[in-house]
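Chain by chain, the residues run as shown.
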Amino acid sequence: MTLKKLIQEMHAYNRTVAQASECDAWQDFVADCFSRYEVGPWDDVAQDVQAVEGFVDYWLDVPKGANYDYDARTGARQEEAESSTVEEFIAAFQSACVEFAAEKR
């Protein structure tokens, strides 16, 4: 797969999870492109670059939910996704406790 095709796939994914901004996966992907290939997503040269299979698989696994470094629903790095999930759980638990206490009065 050419880097240009992979860029198109990742850009489409970013638009679905972060319509008004850039998700972590997209930002890290762009940095990885520069680091490995010295090419940015906007460079015409990307259409001629053949991406290494492991590189392609790693990034295409993000939208599939098979990449454990990123949350497929948001594109957030996993540690951030986990912490937001914990925060949501705590908030829901506290709310349930308040409702339970109110019912017992």
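Here the structure is a predicted model, which means the values were calculated and not measured.

**Student:** Would you mind showing me how to read helix H1 (residues 3-17) here?
**Tutor:** The α-helix advances 3.6 residues per turn, and as a result positions three or four apart in sequence lie on the same side. Between its terminal C-alpha atoms H1 stretches 21 Å, which fits the 21 Å expected from 15 residues at 1.5 Å a residue. Among the residues of H1, those classed as buried are Leu3, Leu6, Ile7, Met10, Tyr13 and Asn14. Seen along its axis, H1 keeps its buried residues to an arc of 130°; they face one direction. Packing partners of the buried residues in H1 comprise helix H2 (24-37) and helix H3 (53-64).

**Student:** Any chance you could explain the packing of H1 against H2 here in plain terms?
**Tutor:** Helix-helix packing is described using two parameters, namely the angle between the two axes and the distance between the axes. Running from amino to carboxyl end, H1 crosses H2 at an angle of 165°, the nearest separation of the two axes being 10 Å. The pairing of H1 with H2 is recorded here as roughly antiparallel in orientation. Considering the relative orientation of H1 and H2, their crossing is left-handed. In contact with Leu3, Leu6, Ile7, Met10, His11, Tyr13 and Asn14 of H1, H2 contributes Ala25, Trp26, Phe29, Cys33 and Tyr37. For the contact of H1 with H2, the class distribution of residues is 10 nonpolar, two polar and no charged.

So, how was this worked out
- Residues numbered from 1 in each chain as written.
- Predicted model: local features only at pLDDT ≥ 70, side-chain atom pairs only at ≥ 80, totals over all residues.
- Heavy atoms only, no water.
- Helix = DSSP H or I, 4+ residues; strand = E, 2+ residues; numbered from the N terminus.
- Expected span 1.5 Å × (residues − 1).
- Buried < 20%, exposed > 50% of the residue type's maximum accessible area, 1.4 Å probe, protein only.
- Arc of directions from axis to C-beta.
- Contact = heavy atoms within 4.5 Å.
- Axes fitted to C-alpha atoms, helices over the stretch in contact; angles between N-to-C directions.
- Parallel < 35°, antiparallel > 145°, perpendicular 65-115°, else oblique.
- Left-handed = near helix turned anticlockwise from the far one by under 90°.
- Nonpolar A, V, L, I, M, F, W, Y, C, P; charged D, E, K, R; others polar.

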